[in-house]
Amino acid sequence: MPSLLSNRLAQRVLRPAFTLVEQRLERATNALQADLDALHHEVADLRRQSYGLGLLLDHAGRDGHRMPTATQLDTLVREVTTVTGASGDHARRDLTVAYRTVVALEALGVGRLAGSTSDVCGKLATVPLLAPPNEDVLEIGTQHGLFATALLRMLHRAGVEPRLTIVDRLAGAAGEGAADGEEAADGAKAAVPVTVPVTVPVLVSVPVREDVVRANLALCGSRSGAQARIERGSSGDPEVRAAVSDRRYGVIVLAGDASSVQAVLADLECAEELAAQRAVVVLDGHGDDTRPAVAEALGKHLANGSRLKLVGRVAGTAFLRAD
(Lines give C-alpha, C1' and ligand atoms only; values in the text may rest on other atoms or scores of the structure.)
Protein backbone atom coordinates (compact mmCIF):
# COMPACT_ATOMS: atom_id res chain seq x y z
CA MET A 1 0.00 0.00 0.00
CA PRO A 2 2.79 2.57 0.73
CA SER A 3 4.31 1.91 -2.68
CA LEU A 4 0.90 2.34 -4.31
CA LEU A 5 0.27 5.69 -2.58
CA SER A 6 3.72 6.93 -3.61
CA ASN A 7 2.96 6.20 -7.22
CA ARG A 8 2.23 9.43 -9.10
CA LEU A 9 -0.48 7.86 -11.23
CA ALA A 10 -2.21 6.43 -8.17
CA GLN A 11 -1.98 9.79 -6.43
CA ARG A 12 -3.53 11.53 -9.42
CA VAL A 13 -6.38 9.00 -9.59
CA LEU A 14 -7.07 9.04 -5.81
CA ARG A 15 -6.74 12.83 -5.31
CA PRO A 16 -10.51 13.51 -5.79
CA ALA A 17 -11.33 10.86 -3.21
CA PHE A 18 -8.79 12.28 -0.76
CA THR A 19 -10.20 15.77 -1.30
CA LEU A 20 -13.74 14.56 -0.66
CA VAL A 21 -12.72 12.80 2.56
CA GLU A 22 -10.85 15.89 3.76
CA GLN A 23 -13.85 18.10 3.06
CA ARG A 24 -16.19 15.81 4.95
CA LEU A 25 -13.79 15.60 7.91
CA GLU A 26 -13.47 19.38 7.95
CA ARG A 27 -17.26 19.85 7.94
CA ALA A 28 -17.67 17.31 10.74
CA THR A 29 -14.88 18.94 12.76
CA ASN A 30 -16.35 22.41 12.29
CA ALA A 31 -19.81 21.18 13.35
CA LEU A 32 -18.34 19.48 16.42
CA GLN A 33 -16.40 22.61 17.35
CA ALA A 34 -19.55 24.70 17.01
CA ASP A 35 -21.40 22.32 19.33
CA LEU A 36 -18.54 22.45 21.83
CA ASP A 37 -18.50 26.26 21.74
CA ALA A 38 -22.27 26.38 22.29
CA LEU A 39 -21.97 23.90 25.17
CA HIS A 40 -19.19 25.96 26.72
CA HIS A 41 -21.38 29.09 26.64
CA GLU A 42 -24.35 27.20 28.12
CA VAL A 43 -22.21 25.85 30.96
CA ALA A 44 -20.86 29.34 31.67
CA ASP A 45 -24.43 30.71 31.77
CA LEU A 46 -25.56 27.90 34.09
CA ARG A 47 -22.65 28.61 36.43
CA ARG A 48 -23.58 32.28 36.62
CA GLN A 49 -27.22 31.42 37.27
CA SER A 50 -26.31 28.78 39.86
CA TYR A 51 -24.13 31.24 41.72
CA GLY A 52 -26.99 33.69 42.06
CA LEU A 53 -29.36 30.89 43.07
CA GLY A 54 -26.83 29.70 45.61
CA LEU A 55 -26.72 33.13 47.25
CA LEU A 56 -30.48 32.81 47.79
CA LEU A 57 -30.65 29.15 48.83
CA ASP A 58 -27.28 28.07 50.21
CA HIS A 59 -26.28 27.35 53.83
CA ALA A 60 -25.31 30.84 54.96
CA GLY A 61 -27.20 31.90 58.08
CA ARG A 62 -29.33 28.76 58.49
CA ASP A 63 -29.19 25.05 59.37
CA GLY A 64 -28.77 23.80 55.81
CA HIS A 65 -29.20 24.66 52.17
CA ARG A 66 -32.70 25.01 50.71
CA MET A 67 -32.14 22.89 47.60
CA PRO A 68 -34.18 19.70 48.04
CA THR A 69 -33.62 16.82 45.69
CA ALA A 70 -36.36 14.97 43.84
CA THR A 71 -35.69 11.95 46.07
CA GLN A 72 -36.17 14.00 49.23
CA LEU A 73 -39.44 15.43 47.97
CA ASP A 74 -40.72 11.99 46.95
CA THR A 75 -39.88 10.68 50.42
CA LEU A 76 -41.72 13.61 52.03
CA VAL A 77 -44.78 12.97 49.86
CA ARG A 78 -44.91 9.34 51.01
CA GLU A 79 -44.51 10.29 54.66
CA VAL A 80 -47.12 13.05 54.55
CA THR A 81 -49.67 10.83 52.81
CA THR A 82 -49.07 8.09 55.39
CA VAL A 83 -49.61 10.45 58.33
CA THR A 84 -52.52 12.49 56.94
CA GLY A 85 -54.29 10.17 54.52
CA ALA A 86 -54.15 12.86 51.83
CA SER A 87 -53.59 11.94 48.20
CA GLY A 88 -50.09 12.05 46.77
CA ASP A 89 -50.99 14.95 44.48
CA HIS A 90 -52.45 16.94 47.39
CA ALA A 91 -49.42 16.30 49.58
CA ARG A 92 -46.99 17.23 46.79
CA ARG A 93 -48.88 20.46 46.09
CA ASP A 94 -48.87 21.51 49.75
CA LEU A 95 -45.19 20.61 50.15
CA THR A 96 -44.38 22.75 47.12
CA VAL A 97 -46.31 25.68 48.58
CA ALA A 98 -44.58 25.16 51.93
CA TYR A 99 -41.18 25.24 50.23
CA ARG A 100 -41.98 28.47 48.43
CA THR A 101 -43.18 29.96 51.72
CA VAL A 102 -39.95 29.01 53.48
CA VAL A 103 -37.77 30.52 50.75
CA ALA A 104 -39.79 33.75 50.71
CA LEU A 105 -39.80 34.21 54.49
CA GLU A 106 -36.10 33.48 54.89
CA ALA A 107 -35.35 36.01 52.15
CA LEU A 108 -37.48 38.72 53.78
CA GLY A 109 -37.36 37.81 57.46
CA VAL A 110 -34.99 38.58 60.31
CA GLY A 111 -32.92 35.65 61.56
CA ARG A 112 -33.33 32.07 60.46
CA LEU A 113 -35.85 29.26 60.29
CA ALA A 114 -34.35 26.35 62.20
CA GLY A 115 -34.33 22.86 60.74
CA SER A 116 -33.61 21.03 57.53
CA THR A 117 -35.67 21.70 54.42
CA SER A 118 -37.43 18.34 54.72
CA ASP A 119 -38.25 18.87 58.38
CA VAL A 120 -39.58 22.41 58.01
CA CYS A 121 -41.63 21.78 54.87
CA GLY A 122 -42.94 18.52 56.27
CA LYS A 123 -44.33 20.27 59.34
CA LEU A 124 -45.84 23.13 57.36
CA ALA A 125 -47.61 20.81 54.92
CA THR A 126 -48.75 18.20 57.43
CA VAL A 127 -50.43 20.39 60.06
CA PRO A 128 -53.20 21.83 57.81
CA LEU A 129 -53.79 18.41 56.22
CA LEU A 130 -54.52 16.96 59.67
CA ALA A 131 -57.46 19.41 59.96
CA PRO A 132 -57.00 20.94 63.43
CA PRO A 133 -60.29 21.22 65.39
CA ASN A 134 -60.05 24.98 66.04
CA GLU A 135 -58.07 28.07 65.13
CA ASP A 136 -55.99 28.41 68.32
CA VAL A 137 -52.26 27.70 67.90
CA LEU A 138 -49.71 27.39 70.69
CA GLU A 139 -46.00 27.36 69.88
CA ILE A 140 -43.58 26.57 72.69
CA GLY A 141 -40.15 27.72 71.57
CA THR A 142 -40.15 30.08 68.59
CA GLN A 143 -36.57 31.34 68.18
CA HIS A 144 -37.05 34.18 65.64
CA GLY A 145 -40.71 33.48 64.93
CA LEU A 146 -40.26 32.57 61.28
CA PHE A 147 -41.75 29.09 61.58
CA ALA A 148 -44.80 30.50 63.36
CA THR A 149 -45.20 33.02 60.54
CA ALA A 150 -44.97 30.30 57.90
CA LEU A 151 -47.48 28.12 59.77
CA LEU A 152 -49.95 31.00 60.01
CA ARG A 153 -49.77 31.47 56.26
CA MET A 154 -50.27 27.77 55.58
CA LEU A 155 -53.30 27.69 57.91
CA HIS A 156 -54.75 30.78 56.21
CA ARG A 157 -54.35 28.97 52.92
CA ALA A 158 -56.36 26.04 54.36
CA GLY A 159 -59.22 28.38 55.27
CA VAL A 160 -58.36 28.88 58.95
CA GLU A 161 -57.81 32.30 60.55
CA PRO A 162 -55.45 31.27 63.36
CA ARG A 163 -54.99 32.83 66.78
CA LEU A 164 -51.37 32.43 67.84
CA THR A 165 -49.88 32.18 71.32
CA ILE A 166 -46.10 31.91 71.70
CA VAL A 167 -44.20 30.76 74.79
CA ASP A 168 -40.46 31.44 74.72
CA ARG A 169 -37.76 32.70 77.06
CA LEU A 170 -36.62 35.19 74.37
CA ALA A 171 -33.26 35.25 76.06
CA GLY A 172 -31.62 37.40 73.40
CA ALA A 173 -28.79 34.96 72.66
CA ALA A 174 -27.91 34.19 69.07
CA GLY A 175 -27.82 30.67 67.67
CA GLU A 176 -25.14 28.96 65.66
CA GLY A 177 -25.70 27.77 62.11
CA ALA A 178 -24.97 24.17 61.17
CA ALA A 179 -22.03 23.03 59.15
CA ASP A 180 -22.09 22.90 55.37
CA GLY A 181 -24.21 20.15 53.86
CA GLU A 182 -25.95 19.35 57.13
CA GLU A 183 -29.55 18.25 56.78
CA ALA A 184 -30.03 16.80 60.23
CA ALA A 185 -33.58 15.56 59.87
CA ASP A 186 -33.01 14.03 56.46
CA GLY A 187 -30.85 11.27 57.89
CA ALA A 188 -27.97 11.92 55.49
CA LYS A 189 -26.10 14.72 53.84
CA ALA A 190 -27.59 15.72 50.51
CA ALA A 191 -25.34 16.36 47.56
CA VAL A 192 -24.70 20.04 46.97
CA PRO A 193 -24.21 21.24 43.38
CA VAL A 194 -20.58 22.07 42.75
CA THR A 195 -21.52 25.48 41.37
CA VAL A 196 -23.14 26.59 44.62
CA PRO A 197 -20.96 28.98 46.64
CA VAL A 198 -19.43 27.11 49.57
CA THR A 199 -19.79 28.73 52.95
CA VAL A 200 -18.41 28.00 56.38
CA PRO A 201 -20.50 27.67 59.56
CA VAL A 202 -21.66 31.11 60.60
CA LEU A 203 -22.85 32.52 63.87
CA VAL A 204 -26.35 33.85 63.44
CA SER A 205 -26.01 37.27 65.01
CA VAL A 206 -29.72 38.08 65.14
CA PRO A 207 -30.81 38.16 68.79
CA VAL A 208 -33.84 36.20 70.00
CA ARG A 209 -36.02 39.10 71.19
CA GLU A 210 -39.69 39.99 71.05
CA ASP A 211 -39.16 42.84 68.61
CA VAL A 212 -37.48 40.41 66.19
CA VAL A 213 -40.30 37.88 66.55
CA ARG A 214 -42.95 40.54 65.94
CA ALA A 215 -41.08 41.90 62.93
CA ASN A 216 -41.26 38.44 61.39
CA LEU A 217 -44.88 37.87 62.40
CA ALA A 218 -45.74 41.03 60.49
CA LEU A 219 -44.75 39.16 57.33
CA CYS A 220 -47.84 37.01 57.79
CA GLY A 221 -49.76 39.98 56.39
CA SER A 222 -52.87 39.47 58.52
CA ARG A 223 -54.18 40.23 61.98
CA SER A 224 -53.17 36.72 63.06
CA GLY A 225 -49.57 37.88 63.13
CA ALA A 226 -50.25 41.36 64.44
CA GLN A 227 -52.42 40.13 67.32
CA ALA A 228 -50.23 37.20 68.33
CA ARG A 229 -49.83 36.77 72.08
CA ILE A 230 -46.28 36.27 73.39
CA GLU A 231 -45.61 34.95 76.91
CA ARG A 232 -42.00 35.08 78.07
CA GLY A 233 -40.78 32.05 79.99
CA SER A 234 -41.04 28.27 79.71
CA SER A 235 -43.97 25.89 79.72
CA GLY A 236 -43.07 24.83 83.25
CA ASP A 237 -43.37 28.34 84.73
CA PRO A 238 -46.58 28.58 86.78
CA GLU A 239 -47.24 32.16 85.66
CA VAL A 240 -46.83 31.27 82.02
CA ARG A 241 -48.99 28.15 82.34
CA ALA A 242 -51.75 30.18 83.99
CA ALA A 243 -51.59 32.88 81.29
CA VAL A 244 -51.96 30.44 78.38
CA SER A 245 -54.55 28.19 80.02
CA ASP A 246 -57.47 30.41 79.06
CA ARG A 247 -58.21 28.32 75.96
CA ARG A 248 -57.75 24.90 74.43
CA TYR A 249 -55.54 24.76 71.37
CA GLY A 250 -56.16 23.00 68.06
CA VAL A 251 -52.45 23.03 67.18
CA ILE A 252 -49.55 22.82 69.63
CA VAL A 253 -46.00 23.01 68.31
CA LEU A 254 -43.31 21.87 70.72
CA ALA A 255 -39.98 23.25 69.55
CA GLY A 256 -38.59 24.31 72.89
CA ASP A 257 -35.64 23.22 75.01
CA ALA A 258 -34.66 19.70 73.92
CA SER A 259 -31.45 19.62 75.97
CA SER A 260 -32.93 17.39 78.67
CA VAL A 261 -35.63 14.78 79.06
CA GLN A 262 -37.25 16.80 81.84
CA ALA A 263 -37.57 19.89 79.65
CA VAL A 264 -39.29 17.91 76.89
CA LEU A 265 -41.54 16.17 79.42
CA ALA A 266 -42.61 19.58 80.76
CA ASP A 267 -43.61 20.66 77.24
CA LEU A 268 -45.52 17.41 76.66
CA GLU A 269 -47.35 17.76 79.96
CA CYS A 270 -48.32 21.30 78.98
CA ALA A 271 -49.61 20.03 75.63
CA GLU A 272 -51.52 17.26 77.38
CA GLU A 273 -53.32 19.81 79.53
CA LEU A 274 -54.00 22.47 76.92
CA ALA A 275 -54.79 20.41 73.82
CA ALA A 276 -58.36 20.52 72.55
CA GLN A 277 -60.05 17.29 71.60
CA ARG A 278 -58.56 16.04 68.30
CA ALA A 279 -55.81 18.65 68.55
CA VAL A 280 -52.64 18.24 66.48
CA VAL A 281 -49.46 18.17 68.57
CA VAL A 282 -46.17 18.64 66.71
CA LEU A 283 -43.02 17.43 68.47
CA ASP A 284 -39.92 18.77 66.79
CA GLY A 285 -36.66 16.81 66.81
CA HIS A 286 -38.13 13.34 67.41
CA GLY A 287 -36.10 11.83 64.57
CA ASP A 288 -32.95 13.86 65.23
CA ASP A 289 -30.07 11.73 66.55
CA THR A 290 -28.43 14.86 67.97
CA ARG A 291 -31.42 15.37 70.30
CA PRO A 292 -32.02 11.95 71.89
CA ALA A 293 -33.87 13.52 74.82
CA VAL A 294 -36.90 14.16 72.60
CA ALA A 295 -37.57 10.53 71.67
CA GLU A 296 -36.82 9.36 75.22
CA ALA A 297 -39.20 11.89 76.74
CA LEU A 298 -41.99 11.03 74.30
CA GLY A 299 -41.62 7.34 75.07
CA LYS A 300 -41.88 8.01 78.81
CA HIS A 301 -44.86 10.32 78.38
CA LEU A 302 -46.85 7.92 76.20
CA ALA A 303 -46.11 5.02 78.55
CA ASN A 304 -47.99 6.79 81.35
CA GLY A 305 -51.41 6.56 79.70
CA SER A 306 -51.36 9.84 77.83
CA ARG A 307 -54.35 11.16 75.90
CA LEU A 308 -51.86 12.00 73.15
CA LYS A 309 -51.57 9.28 70.51
CA LEU A 310 -48.73 9.04 68.03
CA VAL A 311 -50.01 9.44 64.47
CA GLY A 312 -46.69 9.11 62.70
CA ARG A 313 -43.51 10.88 61.75
CA VAL A 314 -42.52 13.15 58.88
CA ALA A 315 -38.79 13.79 58.47
CA GLY A 316 -37.58 14.66 61.99
CA THR A 317 -40.97 15.50 63.50
CA ALA A 318 -43.49 13.39 65.40
CA PHE A 319 -47.23 14.14 65.04
CA LEU A 320 -49.72 13.28 67.77
CA ARG A 321 -53.50 13.53 68.22
CA ALA A 322 -55.25 14.35 71.47
CA ASP A 323 -58.21 12.18 72.43
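Structural data are supplied above this passage.
Note that the structure is a prediction, hence the values are computed from the model and not measured. (Residues numbered from 1 in each chain as written. Predicted model: local features only at pLDDT ≥ 70, side-chain atom pairs only at ≥ 80, totals over all residues. Heavy atoms only, no water.)

Enquirer: Run through the overall build of the chain, naming residues and quoting values.
Expert: Scanning the chain from terminus to terminus reveals 11 helices and seven strands. Considering the chain as a whole, with its 323 residues, one finds that 46% of them fall into the buried category. Within the chain, counting contacts between residues at least 6 apart in sequence, those at least 24 apart form 76% of the total. When the accessible area of the chain is evaluated, it comes to approximately 16,000 Å², of which 55% is carbon and sulfur surface. (Helix = DSSP H or I, 4+ residues; strand = E, 2+ residues; numbered from the N terminus. Buried < 20%, exposed > 50% of the residue type's maximum accessible area, 1.4 Å probe, protein only. Contact = heavy atoms within 4.5 Å. Areas by Shrake-Rupley, 256 points an atom, 1.4 Å probe, with all protein chains shown as cover.)

Enquirer: Break down the packing of aromatic side chains for me, citing the residues and quoting the values.
Expert: All told, the structure shown has zero aromatic pairs when counted by the stated rule. We note Lys 123 situated over the ring of Phe 147; from NZ or CZ to the ring centre the distance is 4.6 Å. (Phe/Tyr/Trp six-rings, centres within 6.5 Å; stacked < 30°, edge-to-face > 60°. Lys NZ or Arg CZ within 6 Å of the ring centre and 35° of its normal.)

Enquirer: Please provide a residue-by-residue account of the side chain of Ser 235, values included.
Expert: Structurally, the position occupied by Ser 235 is in the loop between β3 (229–232) and α9 (238–244). A relative accessible area of 3% means that Ser 235 is categorised as buried. Polar contacts involving the side chain of Ser 235 include one to the side chain of Asp 267, which spans 2.5 Å. Not counting the four nearest positions on each side in its chain, Ser 235 is found in contact with Ile 140, Val 167, Arg 241, Ala 266, Asp 267 and Cys 270. (Polar contact = N/O pair within 3.5 Å; in protein donor to acceptor, adjacent residues only side chain to side chain.)

Enquirer: Give a description of the environment of Gly 250 that names residues and reports values.
Expert: Positionally, Gly 250 belongs in strand β4 (residues 249–254). Note on Gly 250: relative accessible area 0%, which makes it buried. Setting aside its immediate chain neighbours within four residues, Gly 250 contacts Pro 132, Pro 133, Asn 134, Asp 136, Ala 276, Ala 279 and Val 280.

Enquirer: Just give me the short version of the packing of helix α10 (residues 261–274) against helix α11 (residues 292–303), but keep the residues and values in it.
Expert: Closest axis-to-axis distance for the α10/α11 pair is 8 Å, and the angle between their directions is 50 degrees. When the interaxial angle is binned, α10 and α11 end up oblique. Classified by chirality, the crossing of α11 by α10 is right-handed. Taken together, the residues of α11 that come into contact with α10 (itself represented by Val 261, Val 264, Leu 265, Leu 268, Glu 269 and Glu 272) are Ala 293, Val 294, Glu 296, Ala 297, Leu 298, Lys 300 and His 301. Class assignment of the residues belonging to the contact of α10 with α11 gives a composition of eight nonpolar, one polar and four charged. (Axes fitted to C-alpha atoms, helices over the stretch in contact; angles between N-to-C directions. Parallel < 35°, antiparallel > 145°, perpendicular 65-115°, else oblique. Left-handed = near helix turned anticlockwise from the far one by under 90°. Nonpolar A, V, L, I, M, F, W, Y, C, P; charged D, E, K, R; others polar.)

Enquirer: Help me get a handle on helix α7 (residues 210–217), residues and values and all.
Expert: Within the span of α7, buried status applies to Val 212, Val 213, Asn 216 and Leu 217. Taken down its axis, α7 places every buried residue within 135 degrees of arc, on the same side. Where α7 is buried, its residues contact α6 (146–157), β2 (163–168), α8 (223–226) and β3. (Arc of directions from axis to C-beta.)

Enquirer: So what's going on with the nonpolar core? Which residues, and what values?
Expert: The biggest cluster of nonpolar side chains holds 44 residues, and the ones touching the most others in it are Leu 124, Leu 151, Leu 164, Leu 217 and Phe 319. Elements supplying a minimum of two residues to this core: α3 (70–84), α4 (88–108), α5 (117–129), α6, β2, α7, β4 and β5 (275–284). Considering each element in turn, this core owes the most residues, eight residues, to α6. In contact with Leu 124, not counting residues within four places along its chain, are Ala 98, Val 102, Phe 147, Ala 150, Leu 151 and Met 154. Counting residues in each nonpolar core, the second largest holds 29 residues, with Leu 138, Val 244, Ala 279 and Ala 318 among its members. (Core = buried A, V, L, I, M, F, W, Y, C linked by side-chain atoms within 4.5 Å.)

Enquirer: I'd like a rundown of unusual backbone geometry, residues and numbers included.
Expert: Despite not being glycine, Leu 170 has its phi angle at roughly 50 degrees, a positive value. Mapped onto the secondary structure, Leu 170 falls in the loop between β2 and α7.

Enquirer: Describe the sheet that holds strand β1 (residues 136–140), naming the residues involved and giving the relevant values.
Expert: With respect to topology, seven strands assemble into an open sheet ordered β3-β2-β1-β4-β5-β7-β6, the strand pairing being mixed. Two strands close off the open sheet at either side, each with one partner strand: β3 and β6 (308–314). On average, each strand axis in the sheet is inclined to that of its neighbour by 15 degrees, with strand direction left out of account. Contacts between α7 and the sheet are confined to β2 and β3, with β3 contributing the most and set at about 160 degrees to the helix. Across the sheet, α10 is in contact with β1, β4, β5 and β6; its angle to β5 comes to roughly 160 degrees. (Pairing = 2+ DSSP bridges.)

Enquirer: Describe in detail the side chain of Asn 216, supporting the description with residues and values.
Expert: The topology assignment puts Asn 216 in helix α7. Here Val 110 takes part through its backbone nitrogen, which lies 2.7 Å from a polar atom of the side chain of Asn 216. The contact partners of Asn 216, leaving out residues within four places of it in the chain, are Gly 109, Val 110, His 144, Gly 145, Leu 146 and Thr 149.

Enquirer: Describe α10, naming the residues involved and giving the relevant values.
Expert: Look at α10: 20 Å from first C-alpha to last across 14 residues, which is about the 20 Å you get at 1.5 Å a residue. Looking at α10, one finds that the buried residues are Val 261, Ala 263, Val 264, Leu 265, Ala 266, Asp 267, Leu 268, Cys 270, Ala 271, Glu 272 and Leu 274. Next to the buried residues of α10 lie β1, α9, β4, β5, α11 and β6. (Expected span 1.5 Å × (residues − 1).)

Enquirer: Which residues make up the pattern of salt bridges, and what values do they have?
Expert: Taken as a whole and assessed by the stated rule, the structure comprises 17 salt bridges. Its salt-bridge partner being Arg 229, residue Asp 246 comes within 3.0 Å of it at the nearest N-O pair. Of this pair, Asp 246 sits in the loop between α9 and β4 while Arg 229 sits in strand β3, and the two are 17 residues apart along the sequence. What you see here is one network of salt bridges that share partners, running through Asp 119, Lys 123, Asp 284, Asp 288 and Arg 291. (Salt bridge = Lys/Arg side-chain N within 4 Å of Asp/Glu carboxyl O.)

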